Protein chains: 2
Amino acid sequence: MNEKITLDHGSGGRASHDLIKNLLLQVFNSKTLAPMEDSALVQIGQEKIAFSTDSFVVDPIFFPGGNIGDLAINGTVNDIAMRGAQPLYISVAMIIEEGFPISDLEKVIQSIKKSADIAEVEIITGDTKVVPKGKADKIFINTTGIGVLRQNFDISAANAVPGDHVILSGTMADHGVTIVSKQEGLQISGNFQSDSAALNHIIQKLLGHAQHHIHVLRDPTRGGVATTLNEIAESSKMGIRLKEDSLPIRNDVRGACELLGLDPLYLANEGKFLIFVEPSVSEQVIQILKEDKLGKDSQIIGQVTEENPGKVLIDSPLGTSRLLDMLHGTPLPRIC
Amino acid sequence: MNEKITLDHGSGGRASHDLIKNLLLQVFNSKTLAPMEDSALVQIGQEKIAFSTDSFVVDPIFFPGGNIGDLAINGTVNDIAMRGAQPLYISVAMIIEEGFPISDLEKVIQSIKKSADIAEVEIITGDTKVVPKGKADKIFINTTGIGVLRQNFDISAANAVPGDHVILSGTMADHGVTIVSKQEGLQISGNFQSDSAALNHIIQKLLGHAQHHIHVLRDPTRGGVATTLNEIAESSKMGIRLKEDSLPIRNDVRGACELLGLDPLYLANEGKFLIFVEPSVSEQVIQILKEDKLGKDSQIIGQVTEENPGKVLIDSPLGTSRLLDMLHGTPLPRIC
């Protein structure tokens, strides 16, 4: 085989999925390895443990609204929270390029500590590797987290049922637009800021009120809302129908996406989540979300259907509808 | 501060320790974060969980005796085993350079699977990131593992007591010499091979026989036997005295070290461990070790003393003795 890894394989979209399905899952062949979930769940003695890993290679490492340090903590905290588990402990492993300023490292470390404190997770182990200049780019950070599932929630990307309302907890594409505009060095008017945030507290609040009515929780990071919804549609073998004019998005972010030629539905979010919930409680869920600053722009954006299993459709305000596929082509490298 | 990260900061030696002590520990300020241990121990409900992370950046990625894949599994398995815990689950996060051949990725993945099977750990979650060509070197792999401590062993780098025999489970420097000779492109006579191996089964066997007499277990990876013994001496506030002529080393490895101008006491091992044990059972421990191919060259190499707390001394066959410090200066980059 002469094939080579392309940026597309790391996009979180279709090529990533194919690589995972055709190579990793074939070889690893594990019952527990659930590629469409944000974290794995295992039983250890009496405890149900959630376990999740993510490497962060974002470029630039400092950006409006955060840096690679808080992104790395929040990303893993959120992946654990999306199974209904409470994140408890986290590891931080850094690969640093020779010549990286220690003052920058200090800023990143401070940010890691601050975001871990906000999320109430404890950093209990770590690793530091240094590679020669030119063999890595500034700093890459892996975080791996352990959480505990204290109640028997059954929350999974495979659990969407027909009729479920699909809620998005806030505006789309804030992180993606912030990073891309910095990467491109564009001076676009707008006050973009990454939405990087820990979602575990708001999710625990939500589960406290509506736990048995919530079927799916997912944070739409790499690949954006469209890719994440496709994963849920595939895992649940259901269709999803979105209303385009209900999608929350800031005006300046929408404008920047038009300028950049990017669809905000495919741009990364780092402090938002999707909730699939029984329609009888969706208004109550929205109300709980809106009480928290992390959920103040939450909206019902669509519904689960029996028709078109595995597919996501979007209805425009003009009455037309189109298929919304996973991200493929034009990958955005190093968005997280 | 205009200081920059140097290769020395990633050597596992003195500069790494200073960075960890002066920056990471100051900021993270966690009671559980134990920098001198191979893995952290936390209580979750009824279970005592060991948790360890490591990133692997070895260059070359394929070498005699293994590749970056098995190294990544064995490294984390061993770090968990060194607390007396049984490794159960592992995550695999890869950062891949654009253009990396998929056939090479397949070899690495196969090796990850095979070594996980041998160690009897299950790969349950993962992550794949791709960075543009030139922004990383081929592939970096982070593994993070969870283990369970089923009995109340109290094994720690801080537990050495005067009189303890220090046992090394086999020959020194095999991994380090293999990698360095490949990096340098040297044609040195000798049949070098990395000792990369999972040590959890041999350690469980040992603990089954002598559990309450074993005080310290550590695998001397980055920085080698000398650096690891210094860490133990510091943590335990004890002295350690080695007998130079008792150190197990292959003749060809010793010869290569002389040619390369490297001290084998500072070269990495990836399938060896140090055991600090009550002298009354050290012969029994050696016997158990020698029954296993991973322990066939085990030797008593020294003893713990009350004198010279925090220091490691080595006695030459000529009757002189010298101080053996942690690795500092001349770092060997990308040894693991």
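Sequence order as written defines residue numbering, which begins from 1 separately in each chain. Going through the entries in the order they are written, you letter the chains from A and number the ligands from 1. Where totals are concerned, whole chains, interfaces and linings use all residues; where local detail is concerned, this predicted model gives features only for residues with pLDDT of at least 70, and gives and counts side-chain atom pairs only at 80 or more. Hydrogens and water molecules were not included; the side-chain quantities draw on all heavy atoms of the structure.

Peer 1: What exactly am I supposed to notice about the interface of chain A and chain B here?
Peer 2: When the parts come together, some accessible area is lost, and that loss is often what is quoted as the size of the interface. The criterion used for residue contact is that any of the two residues' heavy atoms lie within 4.5 Å. Facing the 78 residues of chain A at the interface are 78 residues of chain B. Both sides together, the interface formed by chain A and chain B hides about 7,000 Å², and carbon and sulfur atoms give 71% of it. Salt bridges, as used here, are contacts in which a Lys or Arg side-chain nitrogen is within 4 Å of a carboxyl oxygen on Asp or Glu. Remark: the boundary between chain A and chain B carries four salt bridges. Distance and chemistry together define a polar contact, namely a pair of N or O atoms within 3.5 Å, with one atom able to donate a hydrogen and the other to accept it when in protein, and with adjacent residues in sequence counting only for side-chain atoms on both sides. Put simply, chain A and chain B have 23 residue pairs in polar contact (both at pLDDT 80 or more) between them. Three residue categories are used. Nonpolar comprises Ala, Val, Leu, Ile, Met, Phe, Trp, Tyr, Cys and Pro, charged comprises Asp, Glu, Lys and Arg, and polar comprises the others, including Gly. Within the side of chain A that touches chain B, the residues separate by chemical class into 41 nonpolar, 21 polar and 16 charged. Buried area, as used here, totals the accessible surface that two parts lose on assembly, with accessibility defined by a 1.4 Å probe and the loss added over both.

Peer 1: Looking at this structure, how should I read the relation of the copies chain A and chain B?
Peer 2: Each of the two chain copies can be brought onto the other by rotation about an axis and movement along it. The copies are overlaid by a least-squares fit using only the C-alpha atoms of residues whose pLDDT is at least 70 in both copies. Aligned on chain B, chain A shows an RMSD of 0.0 Å; the corresponding rotation is 180° and the shift along the axis is 0.0 Å. On the angle and the small slide along the axis, the relation comes out as a two-fold axis. The rotation axis passes nearest to the C-alpha of A:Ala136 in chain A, at a distance of 2.1 Å. Looking at chain A, 100% of its interface residues are interface residues in chain B too, so the copies touch through the same face.

Peer 1: I tried to follow helix α7 (residues 251-260) of chain B on my own but got confused; where do I start?
Peer 2: All names here are of chain B. Using a 1.4 Å probe on the protein chains alone, a residue whose accessible area is under 20% of its type maximum counts as buried, one over 50% counts as exposed, and one in between counts as partly exposed. Secondary structure counts use DSSP, requiring at least four H or I residues in a row for a helix and at least two E residues in a row for a strand, with both numbered from the N terminus. What α7 keeps buried is the set Asp252, Val253, Ala256, Cys257 and Leu260. End-on, the buried residues of α7 take up no more than an arc of 140°, which puts them together on one face. The exposed set on the far side of α7, more than 90 degrees from its buried face, consists of Asn251 and Glu258. On its buried side, α7 packs onto α4 (174-183). Following α7 by one or two positions, glycine 261 adopts a phi angle in the positive range, close to 70°. It is the directions from the helix axis to the C-beta atoms whose arc is reported.

Peer 1: Whenever I open this one, the sheet that holds strand β8 (residues 165-168) of chain B confuses me. Can you help?
Peer 2: Two orientations exist for strands paired in a sheet by backbone hydrogen bonds: parallel and antiparallel. All names here are of chain B. The strand order β9-β11-β8-β12-β10-β13-β14 describes an open sheet built from seven strands, whose pairing is mixed. Each of the sheet's edge strands pairs with one partner strand only, and the pair in question is β9 (214-218) and β14 (321-323). Direction aside, neighbouring strands of the sheet carry axes that sit 25° apart on average. Bridge analysis of strand β10 (residues 239-243) against strand β12 (residues 299-305) gives four bridges, and the strand direction is antiparallel. Counterpart to glycine 239 in the pairing with β12 is threonine 305. Helix axes are fitted only over the stretch in contact, all axes being lines through C-alpha atoms; the angle between N-to-C directions runs from 0 to 180 degrees. Those strands touched by helix α8 (residues 282-290) are β8, β11 (274-277) and β12, and its axis lies near 10° from that of β8. In short, DSSP must find at least two bridges between two strands for them to pair.

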